Amino acid sequence: MALRVGQAVKQHVSLRKRNAGFSEAEMVEALVLLLGAGGECLDDLSILGADTGLLRLCERDKLPSPDAARSFLLGFHDEDLLACARKDNPTDEASVIYPESAVLQGLGRVQAHLVTELSRKRPAAVATLEMDATIIESHKKEALLHYKGGRGYQPSLVYWVEQDVVVADEFRDGNVPAGKRPLDVVKRAFASLPASVEHRRFRADSAAYEATTLKWLADKENRIERFTVSADMTPQLRKLAESVASSAWKVYENRDQETVYHAEVDFQPGEWPKKAAPMRTIVLKIERKQADLFAEQGGIKYLGIVSNDFAEDVASLVRWHYRKAGCIEVVHDVVKNELGGGVLPCAAFGANAAWFRLCLLTYNLLSAMKVLALPPPFEDARPKRLRFAVFNLPARLVSHARKLLARVGQTLLERADLLTGRARLRAVFSA
């Protein structure tokens, strides 16, 4: 309510064909409540709706039924749109990236509204965006095979590190490789950044190591002051790495079982235009301290990184690049295992895409709550901790003098700092 998400839903999401029933804003609010509370399927709405105390606090008579919520999500699915995409897809390509329905795009604009509102309350001059795809396992017959051998879906996300929010996503079938047209979601992510951002940065794994994306990132008109992308170890790049003189390798990290070295090579991927901005190519050599006779290539492994940053020293740039694993990988874990993103509700592709986007909206709302309302100890709290320490505190609801009071033990109030948090949220709402 403080970030006006309901108003954004009313403005951008229109599904109802008649005025009866729950509005789109009420549906989104109910599903966010469900996901925030730990629900993983639509049937859990029946349990949540049976909590009369929660309904009183939310000033609601009831929550939508599971069937009503399922119908709401199915409204995001456009079978004709998917059929046209399959028809227009080249016959030699088994994977299809489906366009979003108009109402699903509207839900994306609600997500962008939330990011903008958070940035107004908590401006950030630096935006480090990270792109990565994740696999959602599914046993539905509509789910397609992914590269790990199972069946499921493979959505791609772009995450803003400094604000701890997801700024763009693209829901995909499991057989769509992460490296297929990654630039679409990257462009949407940078377009969603507020004007207050002065420094734009980007890092990704080899899914972004694709000529069109790299050219766009290297183009100075797009104002990406620094990017790093893991490079495919092609035969040409590997040959260059193997030809580096022993004296040119510098120690990056000494580990228990192996040593990591780094060096720079002169290499441009693919048919790199002569007029395009040059890129810096860094190679890493991982060498086991005790050689394994059965290991391929003598137990030596090579990795590559490309970047447009020529000023930073190699070790610092490599360290900055691999910090990605501790950021967006955590987001994947939280969304799939703590916010319902790992359990998709039905067979319809568009409905699953809407459910996953609502999971991301819940993630962003919790991130905003942690920095705008809750005390500092909760800034890095995961949903499980928030449920235990804040959401699920026992209280007695009492009506007195036309007021609804929640009586909470003083020790619990002090530990969660609930009164201060409510005051902060009221200030945000009033502003």
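Everything discussed here concerns the structure shown above.
The notes below deal with the structure included here. Computed from a predicted model, the values in this text were never measured in an experiment.

1. Points about the pairing of strand 13 (residues 396-400)
Each regular strand shows side chains that alternate between the opposite faces of the sheet.
Right, so step 1: Bridge count between strand 13 and strand 14 (residues 403-407): five bridges; the pairing is antiparallel. The residue of strand 14 that forms the bridge with H400 is K403.
Right, so step 2: If you look at the hairpin formed by strand 13 and strand 14, you'll find two residues sitting between the two strands, and A401 has a positive phi there, around 50 degrees.

2. Let's talk about the sheet that holds strand 2 (residues 136-137)
Right, so step 1: Spatial strand order, 2-4-3: three strands in an open sheet with antiparallel pairing. Looking along the sheet, the strands with just one partner apiece sit at the ends: strand 2 and strand 3 (144-145).
Right, so step 2: Relative to strand 4 (residues 151-153), strand 2 is paired through two bridges, and the arrangement is antiparallel. Considered in strand 4, the bridge of E137 is made with G152.

3. Considerations on the packing of helix 7 (residues 102-121) against helix 13 (residues 349-372)
Between two packed helices, the angle of one axis relative to the other and the distance separating the axes together describe the packing.
Right, so step 1: Two elements in contact, helix 7 and helix 13, have axes whose closest approach is 10 Å; the angle formed by their N-to-C orientations is 10 degrees. For the element pair helix 7 / helix 13, the angle class is roughly parallel. Along its contact with helix 7, which presents L104, Q105, L107, G108, V110, Q111, L114, V115, L118 and K121, the element helix 13 presents A353, A354, R357, L358, L360, L361, N364, L365, A368, V371 and L372.

4. Quick look at the pattern of salt bridges
Right, so step 1: All chains considered together, the criterion is met by 19 salt bridges.
Right, so step 2: Across the pair E29 and R60 runs a salt bridge, and its minimum N-O distance is 2.4 Å. A residue pair is termed long-range when its members are at least 10 positions apart, and E29 in helix 2 (residues 24-37) and R60 in the loop between helix 4 (52-57) and helix 5 (66-74) qualify at 31 residues.
Right, so step 3: Measuring nitrogen to oxygen at the nearest pair gives 2.8 Å for the salt bridge that ties E79 to R86.
Right, so step 4: Here E79 falls in the partly exposed class, since its relative accessible area comes to 39%.
Right, so step 5: Linked by salt bridges that have partners in common, E100, D169 and R357 make up one network.

5. Let's talk about the nonpolar core
Side chains of a nonpolar character, in soluble globular proteins, are inclined to be buried together.
Right, so step 1: Formed by 115 residues in total, the largest nonpolar core has its most connected members in L31, W160 and F202.
Right, so step 2: Top contributing element to this core by residue count: helix 13, with 14 residues.
Right, so step 3: Dropping the residues within four chain positions of it, W160 is found in contact with V115, S119, A124, V126, A127, T128, L129, V165, V167, L193, P194 and V197.
Right, so step 4: Core analysis: the next-biggest nonpolar cluster, separate from the first, contains ten residues, Y252, I286, I305 and A315 among them.

6. A closer look at the packing of aromatic side chains
Right, so step 1: All told, the structure shown has nine aromatic pairs when counted by the stated rule.
Right, so step 2: Judged by centre distance (6.0 Å) and plane angle (50 degrees), the rings of F171 and F356 are tilted. Of this pair, F171 sits in the loop between strand 6 (165-170) and helix 8 (183-191) while F356 is found in helix 13, placing the two residues 185 residues apart along the sequence.
Right, so step 3: Owing to a relative accessible area of 1%, F356 belongs among the buried residues under this scheme.
Right, so step 4: The ring of F429 has R4 sitting right over it, with the charged end atom 4.5 Å from the ring centre.

Procedures and definitions
- Residues numbered from 1 in each chain as written.
- Predicted model: local features only at pLDDT ≥ 70, side-chain atom pairs only at ≥ 80, totals over all residues.
- Heavy atoms only, no water.
- Pairing = 2+ DSSP bridges.
- Helix = DSSP H or I, 4+ residues; strand = E, 2+ residues; numbered from the N terminus.
- Axes fitted to C-alpha atoms, helices over the stretch in contact; angles between N-to-C directions.
- Parallel < 35°, antiparallel > 145°, perpendicular 65-115°, else oblique.
- Contact = heavy atoms within 4.5 Å.
- Salt bridge = Lys/Arg side-chain N within 4 Å of Asp/Glu carboxyl O.
- Buried < 20%, exposed > 50% of the residue type's maximum accessible area, 1.4 Å probe, protein only.
- Core = buried A, V, L, I, M, F, W, Y, C linked by side-chain atoms within 4.5 Å.
- Phe/Tyr/Trp six-rings, centres within 6.5 Å; stacked < 30°, edge-to-face > 60°.
- Lys NZ or Arg CZ within 6 Å of the ring centre and 35° of its normal.

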